[in-house]
Amino acid sequence: MLNSAKWWLGLGWMSLKMRVASQISYNRWSYFSLFIAQMLSYLSDMALVWAMFRAFQGVDGWSLYQVILLNAIYLMSYGISQAFTVGLWDSNDLVANGTLDDYLIRPLNPLVHLMARNFNVGYLSHLTTAIITIAVIYPHLGVAWGVLHWVFLAVSIIGASLINAALTIFPAATSFIWTRQSLLSLIQSIRFSFNKYPLGIYPTVVRIFLTVVIPIAFLNYYPAASLLGKAPLALWPLITLAVGVLMMTAALAFWRWGLARYSSSGS
Amino acid sequence: MNLRPYLAQMRGVIRVNFAYPARVWTGLLYGFFHIIPQVFVWRALYAGKDAVAGATLPEMLTYVVLSNLVGFVTWFNGASYIEQRMKDGSIGLDLLRPVSMRGLFVAANLGDVATSLVMYGLPQTLLAIVLVGGIVAPVSWEAFGLFLLTTLLGMGVQICWMLFLGTFSYWFINTWLMQWLLQASWKLLSGALVPLWLLPKWMLTIARLLPFQASQYTPVAVYLGRIPVSDVPRAILVQVGWIIGLLALHSLMWHRGIRRIVVLGG
Amino acid sequence: MPLVQARDLRKVFIRHTHGPGIRGALQGLFRRQSEPVVAVDGIDFDIEAGEFIGFIGPNGAGKSTTIKMLSGILVPTSGELKVDGLVPHRDRRINARKIGVVFGQRSQLWWDLPIPESYNLLRYIYGIPQADYDERIAYFRDLLGLDEFWTQPVRELSLGQRMRGEVGAALLHRPKLLYLDEPTIGMDALVKERLRHFLVDTNRRDGVTILLTTHDLDEIERSCRRVMLINRGKLLFDGQLENLRAECSADTVMTVLFGEEPPADAFEGLQVLERDGARVTFGFRRGTTASGDLINALMSRYTVRDIKLTEPSVDVVVSSLYGGGEGSA
């Protein structure tokens with residue numbers, strides 16, 4: 001009994017309307033102010049890079065603005081993926097308090113249901129921040145992008161969003177093993193700390209780790225290298241997309257395994 | 001004053017903090033992941049340079065290590081707890097108890113600070129020192145002593161800031177926006193991630209209007225001699241000024257708030 | 001064939017523990033101790049279509065675990081379970097269409113929105129035809145009295161109002177089976193009565209098979225003819241409510257407040273369930289002892305301040321099924 005993509009979109013749309021209505025039922029402005037607040041917070045992250053780098057010429061062959069582009073690309077894929085996977089952030093609560101049961105008593109795939117029900121349009125703030133940032137720094141990048149560049153930017157972001165989503169689903173599923181803990185915040189800290197600067201600043205072992213073990217270098221570093229002419233244009237965006245599909249498949253398999261484990265040994 | 005309930009509170013918090021093993025391990029790793037990129041980015045930035053804005057690479061790396069450590073001591077969280085209890089009126093119940101709710105709250109925070117310092121702060125600092133290859137010594141023994149003193153005072157500033165913010169939020173409706181704004185300015189202007197000497201003048205001016213640099217930047221700057229020993233009394237005066245000012249504002253808003261809660265019933 | 005069939009159904013959990021104090025917590029960082037906890041310990045039962053069953057037992061007896069196995073949320077450790085010919089956890093999604101579940105502790109309604117919003121989403125999820133949906137809604141609004149709070153957000157509803165909404169949500173898609181896990185905790189008598197009336201009506205009208213979990217005997221008194229009593233994972237009793245009464249050494253509980261604390265050996269020959277200073281709780285059987293006689297006997301010997309007669313709680317029933325309880329003669 002598989003529901004069609006159209007059916008799921010319908011469910012997502014209904015839930016989205018209900019979620020926004022819920023937020024607005026408290027305070028019309030709180031939704032808006034959260035939006036502004038998040039934008040400010042991420043813009044200040046960009047400003048932080050600026051403050052650090054302004055007295056220096058750049059790092060590992062990347063100029064200040066190229067480093068900011070790295071951050072903007074990451075932010076965009078993070079925002080897109082989180083809009084879907086934000087419901088998984090309560091994975092401890094889902095398992096320990098049994099909120100997951102509310103999904104399991106429905107005739108639906110619980111993971112897709114969870115994503116559809118918690119789809120959050122608030123992550124538009126990440127997208128907006130990233131777009132504003134790219135618009136501001138583009139003249140300073142010293143590049144002239146053609147249509148193909150923008151297409152590959154889009155391909156990169158789709159691939160990176162898949163990787164990012166997998167990097168939320170996988171650690172969230174570890175809640176099935178540990179009930180009250182998960183690897184979520186750990187993965188979160190890795191992707192937010194190691195993504196800020198070009199991969200070249202790290203020793204080889206860290207570079208391999210960030211490429212193979214927790215491949216967050218694909219979220220921005222490799223695609224950006226292609227887009228900035230440091231590597232062949234089509235190369236990294238396409239590899240990023242492939243890595244994204246692969247990781248998503250693996251993460252879904254792990255989730256299914258964890259769910260089966262939850263049902264057989266969880267409380 | 002009977003300190004026993006407060007000490008019990010601290011002990012309780014410490015015990016709870018140890019209760020979830022995986023959380024401890026992930027927290028430890030979290031800290032490593034936080035500091036490693038900082039060390040490597042400064043190294044890469046300094047490639048081929050001796051000194052930037054008067055600071056050498058070893059000094060810069062020392063700054064990173066110590067600023068991170070000081071952050072553990074001056075990290076106080078949970079102004080929203082006070083705000084919440086004032087907003088839902090449960091503060092009325094707290095007032096009936098023989099112990100001070102604010103005292104318990106500060107004790108709980110001290111417990112948090114103690115645990116995170118031992119569990120995360122020290123291991124993280126050791127790793128960072130190894131990674132950096134040893135930090136530079138303090139400019140003098142006096143500077144080291146004053147580093148410890150200003151750290152303690154920084155802790156005081158941060159406690160008072162938290163109390164202030166808790167009551168401030170009670171009086172102002174849109175706390176979300178304010179909190180994110182404060183978080184953003186903390187990141188940029190406290191000196192936690194970028195030493196203030198690298199900031200442009202106009203940002204420094206804003207930084208001085210906020211208490212963050214007094215708790216976060218001052219101790220490390222004293223250690224490194226960026227604030228010479230002769231100027232330290234002034235820096236301490238600024239810290240004490242923040243403590244007194246924030247406490248005064250806090251108690252003003254606190255007593256007003258209590259009166260409103262008691263008279264109007266929440 | 002019965003609608004539900006359970007044979008030697010078992011569920012064992014693994015629980016992790018650590019020693020006391022900071023020391024124990026520190027040790028817990030390096031090694032975890034684990035122990036098996038038997039939640040359901042080999043139970044057998046059949047449920048026929050159209051039954052209304054009270055599933056009772058003290059907290060932690062294994063009621064919720066059983067319901068979760070019936071819903072397909074949990075996989076049994078061993079034993080067999082079939083619901084309408086299917087193994088629930090294996091065909092979880094098909095099974096989900098046939099069942100409605102209410103967890104008393106949690107809400108399945110959207111907290112900040114009025115009830116119809118949640119219902120509308122469920123209509124979409126279950127693909128309920130509009131005409132059928134309208135008919136259901138009309139029935140619920142009438143009999144569950146949802147009209148009184150139809151436009152209010154769920155967060156503003158009282159516990160009883162919310163629970164009526166939850167029951168409606170669970171029945172929207174016309175399930176064959178309805179599992180109610182402690183739906184009436186913390187509700188007042190009037191609301192309970194209304195809910196009971198509705199459940200009985202639904203059971204008769206639509207033939208919905210109902211399994212009502214509770215630790216409150218009163219509640220099932222007038223709705224369920226059949227009772228299953230579970231304690232520590234074992235099914236202690238399965239049959240008519242009257243027979244449960246007959247097997248108990250006490251079907252009535254009397255709490256007496258004396259003028260002063262009576263001597264320790266004062267109540268030789270009486271079943272004392274609890275003693276707390278001057279307050280003593282007796283259990284007795286209505287058939288063999290008249291409450292009037294008992295009261296007279298007590299009043300002739302001691303000063304009696306207050307007397308309260310109640311139905312026995314499920315704990316009393318459980319302890320009296322276990323060899324007649326501690327205080328019996």
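None of the values given here were measured: they were computed from a predicted structure.

Parameters and conventions
Residues numbered from 1 in each chain as written. Chains lettered and ligands numbered in written order. Predicted model: local features only at pLDDT ≥ 70, side-chain atom pairs only at ≥ 80, totals over all residues. Helix = DSSP H or I, 4+ residues; strand = E, 2+ residues; numbered from the N terminus. Rg over C-alpha atoms; globule rule 2.2 N^0.38 Å. Buried ≥ 20, exposed ≤ 12 C-beta atoms within 10 Å, placed from the backbone. Contact = placed C-beta atoms within 7 Å. Domains from an automatic or database assignment. Nonpolar A, V, L, I, M, F, W, Y, C, P; charged D, E, K, R; others polar. Pairing = 2+ DSSP bridges. Axes fitted to C-alpha atoms, helices over the stretch in contact; angles between N-to-C directions. Parallel < 35°, antiparallel > 145°, perpendicular 65-115°, else oblique. Left-handed = near helix turned anticlockwise from the far one by under 90°.

So, on to the overall build of chain B. Helices and strands together make up the secondary structure of chain B, namely 11 helices and 2 strands. Traced from its N-terminal end to its C-terminal end, chain B shows the element sequence α-α-β-β-α-α-α-α-α-α-α-α-α. For 266 residues, the compact-globule estimate of 2.2 N^0.38 gives 18 Å, and the C-alpha radius of gyration of chain B, at 20 Å, lies within 12% of that figure. Evaluated residue by residue, chain B yields a buried proportion of 39% over its 266 residues. A separation threshold of at least 6 residues defines the contact pool for chain B, and within that pool the share at least 24 residues apart is 82%.

All names here are of chain C. Within the chain, D8 stands out as a residue other than glycine whose phi angle is a positive 50°. Here D8 lies in strand β1 (residues 4-17). Among the residues examined, D8 registers 13 C-beta atoms within 10 Å and is labelled partly exposed. Backbone geometry places D84, a non-glycine residue, at a positive phi of 50°. Within the element layout of this structure, D84 appears in the loop between β4 (78-83) and α3 (92-98).

Moving on: the domain arrangement of chain C. Residue and element names in this part refer to chain C. Segmenting chain C into domains produces domain 1 (4-246) and domain 2 (248-321). Averaged C-alpha coordinates put domain 1 and domain 2 at centres separated by 35 Å. The partner domain 2 presents 10 residues to the 11 residues of domain 1 that form the contact. Breaking the side of domain 1 that touches domain 2 down by element, the ones donating at least two residues are α8 (217-221), β9 (234-240) and α9 (241-247). A per-class count over the side of domain 1 that touches domain 2 returns 6 nonpolar, 3 polar and 2 charged.

Residues and elements named next belong to chain C. Strand order in the open sheet formed by 4 strands is β11-β12-β10-β13, and the pairing between neighbours is antiparallel. Two strands bound the open sheet, and with one partner strand each, they are β11 (271-276) and β13 (304-310). For this sheet, the mean inter-axis angle between neighbouring strands, taken without regard to orientation, is 20°. Pairing between β11 and strand β12 (residues 279-284): 5 bridges, direction antiparallel. Residue V272 lies in a different strand from β12, and its bridge partner there is F282.

Residue and element names in this part refer to chain A. Relative to each other, helix α3 (residues 64-85) and helix α8 (residues 147-173) sit at 50°, their axes nearing to 8 Å. In terms of axis orientation, α3 runs oblique to α8. Like other packed secondary-structure pairs, α3 and α8 cross with a definite hand, here right-handed. Along the contact surface, α3 presents I73, M76, S77, Y78, I80, S81, F84 and T85, while α8 presents S156, I157, A160, S161, N164, A165, T168 and I169. A class-by-class count of the residues in the contact of α3 with α8 yields 9 nonpolar, 7 polar and no charged.

Turning our attention to the interface of chain C and chain A. Interfaces are frequently sized by the accessible area removed from exposure as the parts join. Taken together, the contacts link 24 residues of chain C with 20 residues of chain A. Among the secondary structure elements, those contributing two or more residues to the side of chain C that touches chain A are β1, α2 (63-71), α3, β5 (99-103) and α4 (115-126) of chain C. In the side of chain C that touches chain A, the residues fall into 14 nonpolar, 3 polar and 7 charged.

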